[in-house]
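# Per-entry structural report
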Amino acid sequence: MESDKLKNNLVQGINTTIISPRRWGKSSLVEKVISEINIEKNDIKTVVIDLFSVSSEEEFLETFTKEVIKASSSQWQDWMKSGKIFFKQLIPKISVGIDPSNDFSVSFDWNELVKHKQEILNLPEVIARNKNIRFVICLDEFQNLTDFPDFENLEKKMRAIWQRQKSVTYCLYGSKRHMMTDIFNNSSKPFYRFGDIMLLQKISEEKWISFIQKSFEKSGKNISKNWASKIPQLMKNHSWYVQQMAHYTWQKTKSTVDEEQISSALEELINANTPLYQNEIENISATQLNLLKAVCKGEHQLTSSKVMQKYKLGTPRNVSKNKLILIHKDIIQEIESGYEFLDPSFELWFNKTYFKIEYLDELS
């Protein structure tokens, strides 16, 4: 199982990068594993930082410092002492409010931070050795750091310092698959071969059917194998969507599932995500939208004269450029027979919006 592999890696000190399309359950997987490590391993302190809203290198370094210090001890008095004990060149400004767990902050003079950022990047190793503990540090949406103006320099420093640490293990993951692949699987980049790369795979339909039926049975409800199979089929075994649709179906079912509950659940799922899909469309060009229409219709030869003319795709060069853009945005992916949507719910919405194909036509 992927959770067993990830836990073994982190406990054994193997840095791990998780790469998969968005909404494939990376964050849930990490949360599950970290929860188990917290219960089972008293000598390992865990840190989970979501970098989604971190907008600058300064904010990243200060957040990194704060979370590492907080994880190192359950006593806020120890957090206050850490400024004197663990820093040699930097002088942090540390404050604690009425509720220490929520009102704890760390800041630095930016000019000094630029000169001595290596002291922060090596902070977990220094604390780990001092306290005879180990750290597991998980950084979600890691690719967001590439937006920082001086990321190349930061990237080199992180790799140089982190690869030497003996008491710290890193789990790095994010929702932009192609950016993550470029960071960790490109031989010209500093993080190339930083650790084990886990490529999350889809759970099989049979396992989903069993999981869904058992989950319904536990709450005294019934779903036949036939209707249980429709959920992963419609959602193409996409973890996040299968679980979301199964939940909506369960909510709408009093005793036994039939087509009415499946139909209503699917409608609710797509309605809930429609603003996201509308935003997706608003942020692509007209020719990229036309390319999506061609993919939706199962066209394989996107640069053929017939297809380009039919869907108004422009020149072969335009097709190639737009195809790469849509792939890098994780909207479509290349498969053996051509291209497909990565998001099954988005594809259903797209079909209805642009081709008037009803959602449940997919059930027939």
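One can find the structure itself at the top, above this paragraph.
Residues numbered from 1 in each chain as written. Predicted model: local features only at pLDDT ≥ 70, side-chain atom pairs only at ≥ 80, totals over all residues. Heavy atoms only, no water.

Before going further, it helps to spend a moment on the overall build of the protein. Scanning the protein for helices and strands turns up 17 helices and 9 strands. With respect to the principal axes defined by its C-alpha atoms, the protein has extents near 65 × 55 × 35 Å. Counting across all 364 residues of the protein, residues that qualify as buried make up 48%. Expressed as a percentage of contacts within the protein between residues at least 6 apart in sequence, the contacts between residues at least 24 apart total 69%. Only carbon and sulfur atoms are counted for the fraction: they give 47% of the accessible area of the protein, which is about 18500 Å². (Helix = DSSP H or I, 4+ residues; strand = E, 2+ residues; numbered from the N terminus. Buried < 20%, exposed > 50% of the residue type's maximum accessible area, 1.4 Å probe, protein only. Contact = heavy atoms within 4.5 Å. Areas by Shrake-Rupley, 256 points an atom, 1.4 Å probe, with all protein chains shown as cover.)

This part takes up the pairing of strand β8 (residues 332-335). In this structure, β8 lies alongside strand β9 (residues 338-341), joined through 4 bridges in antiparallel fashion. Bridging from a neighbouring strand, Glu334 pairs with Tyr339 of β9. Hairpin connection between β8 and β9: a loop of 2 residues separates the two successive antiparallel strands. (Pairing = 2+ DSSP bridges.)

What follows covers the sheet that holds strand β2 (residues 44-50). In space, the 5 strands of this open sheet follow the order β2-β5-β6-β1-β7, with parallel pairing throughout. The open sheet terminates on both sides in strands that have one partner only, identified here as β2 and β7 (196-199). Strand-to-strand twist of the sheet, defined as the mean angle between neighbouring strand axes without regard to direction, takes the value 15 degrees. By the bridge criterion, 3 bridges tie strand β1 (residues 16-19) to strand β6 (residues 168-173) in an arrangement that is parallel. Considered in β6, the bridge of Thr16 is made with Cys171. With respect to the sheet, helix α7 (residues 123-131) is in contact with β5 (134-140) and β6, its orientation differing from that of β5 by roughly 155 degrees. Sheet strands touched by helix α9 (residues 177-185): β1, β6 and β7. Its angle to β1, the strand with the most contacts, is close to 150 degrees. (Axes fitted to C-alpha atoms, helices over the stretch in contact; angles between N-to-C directions.)

Right, let's talk about α9 for a bit. Burial in α9 covers these residues: Arg177, Met180, Ile183 and Phe184. Buried residues of α9, viewed axially, fall in a sector of 130 degrees; they line one side. As for α9, its buried residues are in contact with β1, α8 (151-162), β6, β7 and β8. (Arc of directions from axis to C-beta.)

Under the counting rule described, the total for this entry stands at 22 aromatic pairs. With centroids separated by 5.0 Å and ring planes inclined at 80 degrees, the aromatic side chains of Phe191 and Phe194 adopt a geometry described as edge-to-face. For Phe191, a relative accessible area of 0% gives the class buried. Judged by its relative accessible area of 8%, Phe194 falls in the buried class. Among the aromatic residues, ring-to-ring pairing joins Phe60, Phe64, Phe142, Trp162, Tyr170, Phe184, Phe191 and Phe194 into one connected group. Over the ring of Trp250 we find Lys221; its NZ or CZ atom is 3.8 Å from the centre of that ring. (Phe/Tyr/Trp six-rings, centres within 6.5 Å; stacked < 30°, edge-to-face > 60°. Lys NZ or Arg CZ within 6 Å of the ring centre and 35° of its normal.)

What follows covers the state of the cysteines. The final tally for this structure, using the stated rule, is 0 disulfides. Lacking any disulfide linkage, Cys138 is separated from the closest cysteine sulfur, that of Cys171, by 4.5 Å. Judged by its relative accessible area of 0%, Cys138 falls in the buried class. (Disulfide = S-S within 2.5 Å.)

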